[in-house]
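Secondary and tertiary structure notes
Each chain, written out:
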Amino acid sequence: MQIDKNVENDGVIFMSIKGDDKGDGTETGASKAVVSDSASASAGGSGDVTILAIESSCDETAAAVVRNGREVLSNIISSQIALHTIYGGVVPEIASRKHVEKINGCIRAALSEAGVTLEDIDVVAVTYGPGLVGALLVGVSAAKAISFAQNKPLIGVHHIEGHISANFIENKDLEPPFVCLVVSGGHSHLVVVKDYGEYEIIGQTRDDAAGEAFDKVARAIGLGYPGGPKIDAAAKEGNPEAFTFPQAKISDAEYDFSFSGLKSAVLNIINQAKMQGEELNQADVAASFQKAVVEVLVGHAIKACKEYGYDKLAIAGGVASNTALRTLMEKECAANGIKFYRPSPVLCTDNAAMIGAAAYYEYKKGVRFDLDMNAVPNLPLGDRERRFHAGKV
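First, a word on scope: everything that follows refers to the structure included in this document. As a convention, each chain's residues are numbered from 1 in the sequence order in which they are written. Thresholds applied to this predicted model are a pLDDT of at least 70 for local features of residues and 80 or more for the giving and counting of side-chain atom pairs; totals over whole chains, interfaces and linings are not thresholded and use all residues. The basis for every side-chain value is the complete set of heavy atoms in the structure, and neither hydrogens nor water enter the calculation.

The end-to-end C-alpha distance of helix H12 (residues 353–364) is 17 Å, a good match for the 16 Å that 12 residues give at a rise of 1.5 Å each. A 1.4 Å probe rolled over the protein chains alone gives each residue an accessible area, and that area as a share of the maximum for its type sets the label: buried under 20%, exposed over 50%, partly exposed in between. Helix and strand definitions follow DSSP, with helices as H or I runs of at least four residues and strands as E runs of at least two, each counted in order from the N terminus. Where burial is concerned, most of H12 is hidden: 11 out of the 12 residues are buried. The complete set of buried residues in H12 reads Ala353, Met354, Ile355, Gly356, Ala357, Ala358, Ala359, Tyr360, Tyr361, Glu362 and Tyr363. One or two steps after H12, the chain reaches Gly366, where phi turns positive at roughly 95 degrees. The length a helix should cover is 1.5 Å for every residue beyond the first.

Here you go:
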């Protein structure tokens, strides 16, 4: 995996991500209307499908060119993380303004690196939810403008479906059905991927998402933002057995997650140490906290595969880049005869190639969006409000 980075004058990191060879090495659903089988066949066609994909759901402005769902010709990411670090988290207004500034440049760079023009593009795809509404609107507006100006089909993609589809790019043999653990700053879902674009959520968080818990604990122990990578790094120097933190089990929903009690337990340890004038080992707290989170995530995912009868398990989302999670998941999958799939760490984060991958399978099924498509900040996975956002049959 080759990552070319350039820090621009405003602190934004501009990245180009390439695989070991052209089209192999990046990560890539939505409210939809499905047309008839014959229309789908003619719409999808049997030739190559080249997709310009756009992602702007949070603080990464991204554009990519993806061919046939699994071949990435370019993947450009403009990351604002340095801008938001000083605030301890993403500031929506700042994110939206930077998207406006960066999106045209990202699209031009994606087309240039792929060696194509807008005339060569067959489909325009974009994340339309969930996410920050102002940020989403920037990407949606750009995609709709290109679709209209070039008379190209438009497809809206669910952000989490994009993360799941990241696995298809580097794992050419992966096809549904399989179980996917989606863990990010805003989501903790255990999903059965029944088919391309067909999902059943069997578990989800009752409170904090895993990534949210990482961010909050990282701030509490003085590591700062972003919490996930900082705790991952600190934990390597700590003792995961130093503290015993709770691992919540929900009696009426065995695959659901809850991390608020764990977060509170960490805060209690910190407060007790302060009141007693003791100094906590930051790395030990990080390692013990991370162990509690990872063991719950892995335990639920392995149990789901066994009880539902699946022998393929994938992970997705920003927290899927956590080294402890990847290591334990690989170990437990091997012990239970389950094939384990994961995107490269850099492709677990938000990018547009994953959106292009998800869009391809929607396109092949005959999904098309009208130009009245809007951003949906709370768009649910598996229930994408077809009557409001999809084209007519």
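Take helix H8 (residues 260–275) next. Across its 16 residues, H8 extends 22 Å between first and last C-alpha, which sits within 8% of the 22 Å expected from 1.5 Å per residue. Taken together, the buried positions of H8 are Leu262, Lys263, Ala265, Val266, Ile270 and Ala273. All buried residues of H8 project into a common sector of 160 degrees when viewed along the axis, lining one side. With its phi angle positive at about 70 degrees, Gly277 sits one or two positions after the end of H8. Throughout, the arc means that of the directions going from the helix axis to the C-beta atoms.

What follows covers the sheet that holds strand S1 (residues 2–7). For two strands to count as paired, DSSP must find a minimum of two bridges between them. With mixed pairing, seven strands are arranged side by side in an open sheet as S1-S2-S5-S4-S3-S6-S7. The open sheet has two free edges, formed respectively by S1 and strand S7 (154–158), since each of these has just one partner strand. Ignoring which end each strand starts from, the neighbouring axes of this sheet average 20 degrees apart. As paired strands, strand S3 (residues 50–55) and strand S4 (residues 60–67) are joined by six bridges and run antiparallel to one another. Residue pairing across strands places Glu55 opposite Ala62, the latter belonging to S4. The contact definition used throughout considers only heavy atoms, calling two residues in contact when any of these lie within 4.5 Å. For every element, the axis is a line fit to its C-alpha atoms; helices are fit only across the contacting stretch, and the angle between N-to-C directions ranges from 0 to 180 degrees. On the sheet, helix H4 (residues 133–150) packs against S3, strand S6 (123–129) and S7 and is oriented at approximately 160 degrees with respect to S6.

Take the packing of helix H7 (residues 227–235) against helix H9 (residues 282–308) next. At a closest axis distance of 8 Å, the pairing of H7 and H9 adopts a crossing angle of 110 degrees. Classified by the angle between their axes, H7 and H9 sit roughly perpendicular to one another. On H9, the residues touching Ile231, Asp232, Ala234 and Ala235 of H7 are Ala283, Ala286, Ala287, Phe289 and Gln290. Note on residue classes: Ala, Val, Leu, Ile, Met, Phe, Trp, Tyr, Cys and Pro are nonpolar, Asp, Glu, Lys and Arg are charged, and everything else, Gly too, is polar. Here the residues of the contact of H7 with H9 are counted per class, giving seven nonpolar, one polar and one charged. Each angle is binned into one of four classes, with values under 35 degrees roughly parallel, values over 145 roughly antiparallel, values of 65 to 115 roughly perpendicular, and all other values oblique.

What follows concerns the pairing of S4. Judged by how many residues are buried, S4 sits mostly within the fold: seven of eight residues are covered. What sits between the antiparallel neighbours S3 and S4 is a turn of four residues. Bridge analysis of S4 against strand S5 (residues 71–79) gives eight bridges, and the strand direction is antiparallel. Each bridged residue has a counterpart across the sheet, and for Arg67 the counterpart in S5 is Glu71.

Turning our eyes to something else, we now look at the pattern of salt bridges. What counts as a salt bridge is simple: a side-chain nitrogen of Lys or Arg found within 4 Å of a carboxyl oxygen of Asp or Glu. Counted under the stated rule, the structure contains 20 salt bridges. For Lys98, the salt bridge goes to Glu101, with nearest N and O atoms at 2.9 Å. With Lys98 and Glu101 both in helix H3 (residues 92–114), this residue pair falls three residues apart, about one helical turn. What makes Lys98 buried here is its relative accessible area of 13%. Glu241 is paired through a salt bridge with Lys291; the nearest N and O atoms lie 4.0 Å apart.

Time to look at unusual backbone geometry. With an omega dihedral of -10 degrees, the bond running from Gly129 to Pro130 counts as a cis peptide bond. You will see that Asn68, though not glycine, has its phi angle at about 55 degrees, which is positive. Within the element layout of this structure, Asn68 appears in the loop between S4 and S5. Unusually for a residue other than glycine, Asn151 sits at a positive phi of about 55 degrees. Inspection of the secondary structure puts Asn151 in the loop between H4 and S7.

Another aspect to go through is the nonpolar core. What is meant by a nonpolar core is a set of buried Ala, Val, Leu, Ile, Met, Phe, Trp, Tyr and Cys residues, joined one to another through side-chain atoms within 4.5 Å. Membership of the largest hydrophobic core comes to 73 residues, with the highest contact counts inside it found for Ile54, Val65, Ile107, Ile164, Phe178 and Cys180. Take this core: its biggest share by element is nine residues, from H12. With residues up to four places along the chain from it excluded, the contact list for Cys180 reads Ile164, Asn167, His189, Leu190, Val191, Val193, Leu313, Ala314, Ile315 and Ala316. Ala218, Tyr255, Phe289 and Leu325 belong to the second-largest nonpolar core, a separate cluster that totals 46 residues.

Turning our attention to the packing of aromatic side chains. Only Phe, Tyr and Trp rings are paired, with Trp represented by its six-membered ring, and only when their centres lie within 6.5 Å; those with planes under 30 degrees apart are stacked, over 60 edge-to-face, the remainder tilted. The final tally for this structure, using the stated rule, is 10 aromatic pairs. Arranged with centres 6.1 Å apart and planes meeting at 10 degrees, the rings of Phe257 and Phe259 form a pair that is stacked. By relative accessible area, which is 0% here, Phe257 ends up buried. Clustering of aromatic rings is evident, with ring pairs tying together Phe168, Phe178, Tyr196, Tyr360 and Tyr361.

Right, let's get into the sheet that holds strand S12 (residues 339–341). Across the sheet, five strands lie side by side as S10-S9-S8-S11-S12; this open sheet has mixed pairing. At either end of the open sheet lies a strand with only one pairing partner, and these are strand S10 (198–204) and S12. Between one strand and the next, the sheet's axes are offset by a mean angle of 25 degrees, whatever the strand orientation. Where strand S8 (residues 178–183) meets strand S11 (residues 312–316), four bridges bridge the pair, whose relative direction is parallel. Across the sheet, residue Cys180 finds its bridge partner in S11, namely Ala314.

Purely spatial values, then, with no claim about function.
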